[in-house]
Amino acid sequence: VGDWGGPGEGYEWPQSNHGIAVDHKGNVWIGGNGQDDAHVLKFTRSGKFIAQYGKSGFHRAASWTKEKPVYEGHSNDMDNFGRVAKIFIDPKANEAYLADGYLNKRVAVVDIDSGKIKRYWGAYGNKPEDINLGRYNPDAPPAKQFRNPVHCAELSHDGFVYVCDRPNDRIQVFTKDGKFVKEQFVEKQTLSDGSVWDIAFSKDPEQKFIYVADGANEHVYIIDRQSLEVV
């Protein structure tokens, strides 16, 4: 019934599209996880450009290895993002939750109309830091920061934000203001790309269950949303 996309006048198309969300006004949001993607775009359903928030290429290489440049995140920046994964729309508050993401280590909440960042947070509600945490070690104490990528930030009906901290093999739960509530590890021994890739809530009014897509182990887990235990 239609298609659109790619570079166009007035905006910078992502190097790598990642995530798509439709808001309550019918507008389509996309993020990007290419190395220069520090922005999100908003279009009408038919592909007419509305707005760009952030600027492509904002992140520059901080250092180089033999194989590739090493980019530095800016997880406390108020104008740009850091390779956004998924976007979740909250129509009641007119806000979008960005899993920010492949370079930054935070959840960022923006006003849907202006694109301005209203608040943001890192793991446990901490102020995010862009330090290199090194390789995930399942036997080490839980990391106080997210690892890249922060892969989803989904809001439940009762106002809790469920964050996919993919390489740390965990779900972290927050209030809408970023106050840490609880966490649960999923297949904690998983290395490589991590276990918590995406979540979806069951369609009953209470959203009793969470479905977790574990890409590394190629499983879908059904989790009780209150206890966070696999059922």
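Residues numbered from 1 in each chain as written. Predicted model: local features only at pLDDT ≥ 70, side-chain atom pairs only at ≥ 80, totals over all residues. Heavy atoms only, no water.

Bringing the sheet that holds strand 7 (residues 84–90) into the picture now. Spatially, four strands are ordered 7-8-9-10 in an open sheet, and the strand pairing comes out antiparallel. Each of the sheet's edge strands pairs with one partner strand only, and the pair in question is strand 7 and strand 10 (117–121). The mean inter-strand angle of the sheet, taken between neighbouring strand axes irrespective of direction, is 20°. As paired elements, strand 7 and strand 8 (residues 95–100) share five bridges and run antiparallel to each other. Looking across to strand 8, one finds that F88 is bridged to Y97. (Pairing = 2+ DSSP bridges. Helix = DSSP H or I, 4+ residues; strand = E, 2+ residues; numbered from the N terminus. Axes fitted to C-alpha atoms, helices over the stretch in contact; angles between N-to-C directions.)

One finds Y97, W121, V161 and V163 to be the most contacted residues of the largest nonpolar core, which totals 16 residues. Going through the elements one at a time, strand 8, strand 9 (106–111), strand 11 (150–155) and strand 12 (160–165) are the ones with two or more residues in this core. Not counting the four nearest positions on each side in its chain, V161 is found in contact with Y97, W121, A153, E154, L155, Q172, V173, F174, T175 and K176. One finds I87, A96, I112 and I117 within the second-largest nonpolar core, a separate group that totals 15 residues. (Core = buried A, V, L, I, M, F, W, Y, C linked by side-chain atoms within 4.5 Å. Buried < 20%, exposed > 50% of the residue type's maximum accessible area, 1.4 Å probe, protein only. Contact = heavy atoms within 4.5 Å.)

Turning our attention to the packing of aromatic side chains. As enumerated under the stated definition, the model contains 12 aromatic pairs in all. Summarising the aromatic geometry, the rings of F43 and F49 are spaced 5.9 Å apart at their centres and angled 65° between planes, so their arrangement reads as edge-to-face. For F43, a relative accessible area of 0% corresponds to the buried category. On the numbers, 6.5 Å between centres and 80° between planes, the contact of F146 with F174 is edge-to-face. Pair noted here: F146 is in the loop between strand 10 and strand 11 and F174 is in strand 13 (residues 170–175), with a separation of 28 residues, a long-range link. Classification of F146 by relative accessible area gives buried; the value is 0%. A residue is classified by how much of its surface remains accessible, and F174, at 0% relative accessible area, is buried. One cation-aromatic arrangement involves R106 over Y120; the distance from NZ or CZ to the ring centre is 5.0 Å. In this structure, K188 is placed above the aromatic ring of F185, and the distance from its NZ or CZ to the ring centre is 4.6 Å. (Phe/Tyr/Trp six-rings, centres within 6.5 Å; stacked < 30°, edge-to-face > 60°. Lys NZ or Arg CZ within 6 Å of the ring centre and 35° of its normal.)

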